[in-house]
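Tertiary structure, described
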Amino acid sequence: MKRALAEAAAKLRDAEKVIVLSGAGASVESGIPDFRSAGGLWARFPPEEYATIEGFRADPRKVWNLWRELGAMMEDVRPNPGHLALADLERQGRLEAVITQNIDNLHQEAGNAKVIEYHGNARRLQCLQCHARRPLVIAEIQDSVPECQCGAVMKPDVVLFGENIPRHALFESEILAHACDAIIIVGTSAQVFPAAGIPYTAKENGAYVIECNLEATDFTRTITDAYLEGPAGTTLPELAAALANAG
Ligand code: NAD
């Protein structure tokens, strides 16, 4: 691990364009469970039932039970040291962009200015009928489902299973993956495509691949150059400190 950390820091020092791909694991230490955590949330609200566009269209009131709980949870959480380390790297001019699969707004809250919301943002609402968007106000979802000015029920502005990735996010991520010299993958299981394709594209185009996770993934077994095992709230600050020492 020490060798991987030193090598990763040296590569980051020499890289011109560094990007991050983050997933649910990046926010676990902030208190938002990932799909695997034994937090109970995903056992009570199975994603295949509560996180699909078909499920939402069929019964928005039922599906809002999950989003009401997630919305309240996201209102209370704060960025953890992993998020803050990435914001510092951007401030120092060492990080080009964060592509996140997360919908919790924590990279933005930590201070990263360039965040590509690959799966949307649960702090906003979107109307499926007239496509209007507006910020989520927690009070309005406490006892009811939010409605648009046009009268339709609004959904969280997130990409549900069965929906397309926003075109600008796909396009920008593709360009970044082709152009970067290094990619830091944080807390993603490598299972959800097309997001999971981004590191493979980066690698094919010559990027150095750093991965922070609690356990090995398909990336680790195929393309990862430096595997930093452990909670991202520890490994990312360690990586940032090693980079600062590398000059
Ligand atoms: P996932 O739940 O499939 O996998 C999470 C990964 O993070 C696992 O590999 C796990 O080992 C790792 N992990 C857990 N805790 C960690 C920690 N402290 N430090 C480092 N790694 C850690 O998540 P995914 O790959 O992102 O795919 C799930 C989909 O659901 C994505 O679209 C995701 O954004 C969405 N989701 C989002 C949130 C959120 O916004 N916070 C939460 C749950 C799910």
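Above this text you will find the structure in question.
Residues numbered from 1 in each chain as written. Predicted model: local features only at pLDDT ≥ 70, side-chain atom pairs only at ≥ 80, totals over all residues. Heavy atoms only, no water.

1. Notes on the site of the ligand
- Around the ligand, a shell composed of 26 residues is seen, among which Gln101, His119, Thr188, Ser189 and Asn213 lie nearest.
- In the environment of the ligand, an oxygen atom lies 2.4 Å from a nitrogen or oxygen atom belonging to the backbone of Gln101.
- A distance of 2.8 Å separates a nitrogen atom of the ligand from a polar side-chain atom of Asp104.
- The site holding the ligand turns out to be the largest pocket.
- Among the elements that make up the shell around the ligand, the one with the highest residue count is helix H2 (residues 25-28) (3 residues).
- Taken together, the residues of the shell around the ligand break down into 11 nonpolar, 11 polar and 4 charged. (Near = heavy atom within 4 Å. Polar contact = N/O pair within 3.5 Å; in protein donor to acceptor, adjacent residues only side chain to side chain. 1 Å grid on protein atoms, 1.4 Å probe; cavity = no way out; pocket = protein on both sides within 12 Å on 5 of 7 lines; lining within 4 Å. Sits in = over half its atoms within 2 Å of the grid points. Helix = DSSP H or I, 4+ residues; strand = E, 2+ residues; numbered from the N terminus. Nonpolar A, V, L, I, M, F, W, Y, C, P; charged D, E, K, R; others polar.)

2. Examining helix H9 (residues 167-179)
- The first and last C-alpha atoms of H9 sit 19 Å apart over 13 residues, in line with the 18 Å expected at 1.5 Å per residue.
- Of all the residues in H9, the buried ones are Ala169, Ser173, Leu176 and Ala177. Along the axis of H9, the buried positions cluster into a sector of 100 degrees, meaning they face one direction only. With respect to the buried face of H9, the exposed residues turned more than 90 degrees away are Arg167, His168 and Phe171.
- Buried residues belonging to H9 abut strand E1 (18-22), strand E2 (97-100), strand E3 (115-117) and helix H10 (198-204). (Expected span 1.5 Å × (residues − 1). Buried < 20%, exposed > 50% of the residue type's maximum accessible area, 1.4 Å probe, protein only. Arc of directions from axis to C-beta. Contact = heavy atoms within 4.5 Å.)

3. Observations regarding the sheet that holds strand E5 (residues 133-135)
- Across the sheet, 3 strands lie side by side as E5-E4-E6; this open sheet has antiparallel pairing. The open sheet has two edge strands with one neighbour each: E5 and strand E6 (154-158). Each neighbouring strand pair of the sheet contributes to a mean axis angle of 45 degrees, computed without reference to strand direction.
- With 5 bridges joining them, strand E4 (residues 120-127) and E6 adopt antiparallel strand pairing. Paired with Gly120 across the bridge in E6 is Val158. (Pairing = 2+ DSSP bridges. Axes fitted to C-alpha atoms, helices over the stretch in contact; angles between N-to-C directions.)

4. Let's talk about the packing of aromatic side chains
- This model, assessed by the stated rule, comprises 2 aromatic pairs.
- Residues Tyr200 and Phe219 carry aromatic rings whose centres are separated by 5.4 Å and whose planes lie at 50 degrees to one another, so their mutual orientation is tilted. Here Tyr200 is found in helix H10, whereas its partner Phe219 is found in helix H11 (residues 218-222), with 19 residues between them in sequence.
- Since its relative accessible area comes to 23%, Tyr200 is described here as partly exposed.
- The ring of Tyr50 has Lys62 lying over it, and the distance from NZ or CZ to the ring centre is 5.2 Å. (Phe/Tyr/Trp six-rings, centres within 6.5 Å; stacked < 30°, edge-to-face > 60°. Lys NZ or Arg CZ within 6 Å of the ring centre and 35° of its normal.)

5. Description of unusual backbone geometry
- Of note, the amide linkage connecting Phe193 to Pro194 takes the cis form, showing an omega dihedral of 10 degrees.
- Looking at the secondary structure, you find Pro194 in the loop between strand E7 (182-186) and H10.
- Look at His131: it is not a glycine, yet its phi comes out positive at around 70 degrees.
- The topology assignment puts His131 in the loop between E4 and E5.
- Relative accessible area serves as the criterion here: at 52%, His131 is assigned to the exposed category.
- Phi at Ala190 is positive, roughly 70 degrees, even though this residue is not glycine.

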